[in-house]
Amino acid sequence: MRPWSVPRLCYNPSETSMPNHSALFPRDFHKSFPVAVRGQGSWIFTSDGRKFLDAHGQAAVVNIGHGVPEIGRAMAAQASQIAFAQTSQFHTPVAEKLAARLLALAPPNFQNGGRVYFTSGGSEATETAIKLVRQYYLDKGLSERYRIISRRQSYHGSTLGAMTVSGNLMRRAPYQPMLAEWGHIAPCFCYHCPFERTFPDCHLACADDLETFLSGNGASCAANTAAAFIFEPVVGATLGAAVPPEGYAARIADICRRHGILLIADEVMTGIGRTGKLFAVQHWGVEPDIILTGKGIASGYAPLGAVLVAANVAEAFERSPRVFQHGFTYQSHPISAAAANAVLDYIEAHNLFARVSTASEALRAALAPLASHPHVGEIRGLGLLLGIEFVRDKLTRAPFEPSQAMGEKIRAAAMEEGVLTYPTQGCVDGARGDEILLAPPFIITPEESALISSALASALAKVFPS
Ligand SMILES: Cc1ncc(COP(=O)(O)O)c(C=O)c1O
């Protein structure tokens, strides 16, 4: 069976049909969607009187929690001042302020000359980085360099450029003929190591796969055409919060430098404090040339993404006589920037980045009893980006068949218990491997963490009756 032909199964009896009055084109026509009418803290309330604990922060977006009135007020104030000004003609103080704040918190190579390109989301940020890297090398007179190398089982966005660099087989499959093949190296995934080795005896073979690829010894010779390497420092949607071992990110950065290619850290999911630091690469002191972010930057109050460009790359554009041939009408939207500034104010006022590690410890402690379940393979992650992988056989780590849709079954059962989780599939080989992702708001309380754990225990009992 081809990955894209895996049927999307519905396990929640209340989710078997689409209400025929909906005018929306849904994500899945075989499912009906509760109608969200209100959000407060870590909770979402629906039109039918139910409430759900938002344990995945709506796909790792809602960092500060739902319903914070200060954010709406800041957006309204901006809208009444100037709602929109197009970036080919104007800059705005609100976007300038946000860019300066992000750069001040970014790694050292973004200080003194770094720049920020705002987009409306993560996929646009990836597209921008792909084109920015290309133009950087054109300006350097290296027109042969265009390939952005990435990893298997990665996800960098939905648009065709972003899908080209994404390594997730299932998401790529329907569009395969439309995607370029620039090259994917091995993922960094210790629980299912692609080299069947164990850290530290592996000597980071997965990082050295980039060296092999760039040296032209791999399946495809990319030595002269490679322009950049893109990676998620902690892999979210496709590997269920897989954290690299110590030394991986630094080795990757070193290989990129030696081969003269740029390093892009895709922190759309991991950025803005989700792992406890502003950017996950800061856990390892790595300095990428470009950092992408999105999702939590405006905590869901407005659509926003950002491309942080290090000083060395930005200065090359400053020196170039050409303009960057790229742009989106809504980039640097003032209301989105106002929302993000207000979110950063709120994070600072409530010291929320520091809270991530204590909330993470509480959530991990609450989840710990689940680890002994015969079908829970691993609980992993960093900060408040956690994943639980479900396996058919705990000893061999063998996955379930994709057609069993175990992650989706567990998500649906947890939702019946009032807890929202984010299922993902394909971590083992692009098709097999089931996890759920947990990425709650940073304000999650120990009591709410206990609720997540008990709902998941009930969900597991329902899906795997003894
Ligand atoms: C790592 C990563 N990059 C890019 C994207 C795409 O972002 P968006 O959905 O905002 O376009 C995502 C979305 O899940 C992501 O997780």
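Since we're looking at a predicted model, the values are computed, not measured. (Residues numbered from 1 in each chain as written. Predicted model: local features only at pLDDT ≥ 70, side-chain atom pairs only at ≥ 80, totals over all residues. Heavy atoms only, no water.)

**Thoughts on the site of the ligand**
- If you check the shell around the ligand, you find Gly121, Gly122, Ser123, Tyr155, His156, Gly157, Glu232, Asp266, Val268, Met269 and Lys295 and nothing else.
- The contact in question runs from an oxygen atom of the ligand to an N or O atom on the side chain of Ser123, over 2.5 Å.
- Taking Asp266, its side chain carries an N or O atom lying 2.7 Å from a nitrogen atom of the ligand.
- Coverage of the ligand by the protein amounts to 82% of the 390 Å² it exposes when considered alone.
- Across the shell around the ligand, the residue classes tally to three nonpolar, five polar and three charged. (Near = heavy atom within 4 Å. Polar contact = N/O pair within 3.5 Å; in protein donor to acceptor, adjacent residues only side chain to side chain. Areas by Shrake-Rupley, 256 points an atom, 1.4 Å probe, with all protein chains shown as cover. Nonpolar A, V, L, I, M, F, W, Y, C, P; charged D, E, K, R; others polar.)

**Brief notes about the nonpolar core**
- Of all hydrophobic cores here, the largest spans 131 residues; its most connected members are Phe118, Phe229, Leu308, Leu367, Ile388, Ile452 and Leu456.
- Here this core gets 10 residues from one element, more than from any other, and that element is helix H10 (residues 334-349).
- For Ile452, the residues in contact, after removing those within four places along its chain, are Leu53, Ala55, Leu363, Leu367, Val419, Leu438 and Ile444. (Core = buried A, V, L, I, M, F, W, Y, C linked by side-chain atoms within 4.5 Å. Buried < 20%, exposed > 50% of the residue type's maximum accessible area, 1.4 Å probe, protein only. Helix = DSSP H or I, 4+ residues; strand = E, 2+ residues; numbered from the N terminus. Contact = heavy atoms within 4.5 Å.)

**So, the domain arrangement of the protein**
- Along its sequence, the protein is carved into domain 1 (36-64 + 354-463) and domain 2 (74-349).
- A C-alpha centroid distance of 26 Å is found between domain 1 and domain 2.
- The partner domain 2 presents 36 residues to the 34 residues of domain 1 that form the contact.
- Looking at the side of domain 1 facing domain 2, the largest losses of area belong to Ile64, Leu382 and Leu385, adding up to 24% of the total buried there.
- Counting the contacts that link domain 1 with domain 2 gives 17 residue pairs in polar contact (both at pLDDT 80 or more). (Domains from an automatic or database assignment. Buried area = accessible area lost by both parts, 1.4 Å probe.)

**Notes on the pairing of strand E3 (residues 51-54)**
- In the sheet, strand E2 (residues 43-46) pairs with E3 via three bridges, with the strands oriented antiparallel. What sits directly across from Ile44, in E3, is Phe52.
- In sequence, E2 turns back onto E3 through a hairpin of four residues, with Gly49 there showing a positive phi of about 90 degrees.
- As paired elements, E3 and strand E13 (residues 419-420) share two bridges and run parallel to each other. Note that in E13 the partner of Asp54 across the bridge is Leu420. (Pairing = 2+ DSSP bridges.)

**Focus on the sheet that holds strand E15 (residues 434-438)**
- Reading across from one edge, E11-E12-E15-E14 is the order of the four strands in this open sheet, with antiparallel pairing throughout. Looking at which strands have only one partner, the edges of the open sheet turn out to be strand E11 (376-382) and strand E14 (422-425). Taking the axes of each pair of neighbouring strands and ignoring which way they run, one obtains an average angle of 25 degrees across the sheet.
- Pairing of E14 with E15 involves four bridges; the strand directions are antiparallel. Of the residues in E15, the one forming a bridge with Thr424 is Glu435.
- Where helix H11 (residues 352-367) meets the sheet, its contacts fall on E11, strand E12 (385-390) and E15, and the angle it forms with E11 comes to roughly 175 degrees. (Axes fitted to C-alpha atoms, helices over the stretch in contact; angles between N-to-C directions.)

**With respect to helix H8 (residues 248-259)**
- Taking 1.5 Å of rise per residue, the 12 residues of H8 would be expected to cover 16 Å, and the 17 Å separating its terminal C-alpha atoms lies within 8% of that figure.
- Of the positions making up H8, those classed as buried are Tyr248, Ala249, Ile252, Ala253, Ile255 and Cys256. An end-on view of H8 places all buried positions within 160 degrees of arc, on one side of the element.
- On its buried face, H8 sits against strand E5 (147-151), helix H7 (205-214), strand E7 (226-231) and strand E8 (262-267).
- Gly260 sits one or two positions beyond H8 and adopts a positive phi of about 70 degrees. (Expected span 1.5 Å × (residues − 1). Arc of directions from axis to C-beta.)

**Quick word on the environment of Gly273**
- Mapped onto the elements of the fold, Gly273 is located in the loop between E8 and strand E9 (290-293).
- Each C-alpha atom of the pair Gly273 and Leu352 lies 8.3 Å from the other, and the pair is 79 residues apart in sequence.
- Residue contacts for Gly273: discarding those within four places in its chain leaves Leu278, Phe353, Val356 and Phe442.

**Regarding a nonpolar patch on the surface**
- A cluster of nonpolar side chains, contributed by Leu160, Tyr175 and Met178, occupies part of the molecular surface with about 300 Å² of accessible area.
- Along the chain, Met178 falls in the loop between helix H6 (169-172) and strand E6 (184-185). (Patch = residues over 30% accessible without salt bridge, like charges linked within 9 Å, V, L, I, M, F, W, Y side chains within 5 Å. Salt bridge = Lys/Arg side-chain N within 4 Å of Asp/Glu carboxyl O.)

**A few points about the packing of aromatic side chains**
- Applying the stated criterion to the full structure yields seven aromatic pairs.
- Relative to Phe29, the ring of Phe25 lies with its centre 4.9 Å away and its plane at 85 degrees, an arrangement referred to as edge-to-face.
- The class of Phe25 is exposed, set by a relative accessible area of 72%.
- Pairing Tyr117 with Phe324 gives two aromatic rings, centres 5.8 Å apart and planes at 75 degrees, and the pair type is edge-to-face. Of this pair, Tyr117 sits in strand E4 (residues 115-119) while Phe324 sits in the loop between helix H9 (311-319) and H10; the two residues are 207 residues apart in sequence, bridging distant segments of the chain.
- Note on Tyr117: relative accessible area 15%, which makes it buried.
- Above the plane of the ring of Trp43 lies Lys51, whose end atom (NZ or CZ) is 4.5 Å from the centre. (Phe/Tyr/Trp six-rings, centres within 6.5 Å; stacked < 30°, edge-to-face > 60°. Lys NZ or Arg CZ within 6 Å of the ring centre and 35° of its normal.)

**Digging into the sheet that holds E3**
- The mixed open sheet is built from four strands, whose spatial order is E1-E2-E3-E13. Because the sheet does not close on itself, it has two edges, and the strands there are strand E1 (36-40) and E13.

**Quick notes on the environment of Arg355**
- Considering the arrangement of structural elements, one finds Arg355 in helix H11.
- A C-alpha to C-alpha distance of 25 Å links Arg355 and Phe45, two positions 310 residues apart in sequence.
- Beyond its immediate chain neighbours, meaning those up to four positions away, Arg355 contacts Phe442, Ile443, Ile444 and Thr445.
- Among the polar contacts listed, one links the side chain of Arg355 to the backbone oxygen of Ile443, at a separation of 3.1 Å.

**Side note on the packing of H11 against helix H13 (residues 446-463)**
- For the pair H11 and H13, interaxial distance at closest approach is 8 Å and the crossing angle is 30 degrees. With respect to each other, H11 and H13 are oriented roughly parallel. Of the two possible hands of crossing, H11 and H13 adopt the one that is right-handed. Contacts between H11 and H13 pair Ala362, Leu363, Ala366 and Leu367 from the former with Ser449, Ala450, Ile452, Ser453 and Leu456 from the latter.
- Class assignment of the residues belonging to the contact of H11 with H13 gives a composition of seven nonpolar, two polar and no charged. (Parallel < 35°, antiparallel > 145°, perpendicular 65-115°, else oblique. Left-handed = near helix turned anticlockwise from the far one by under 90°.)

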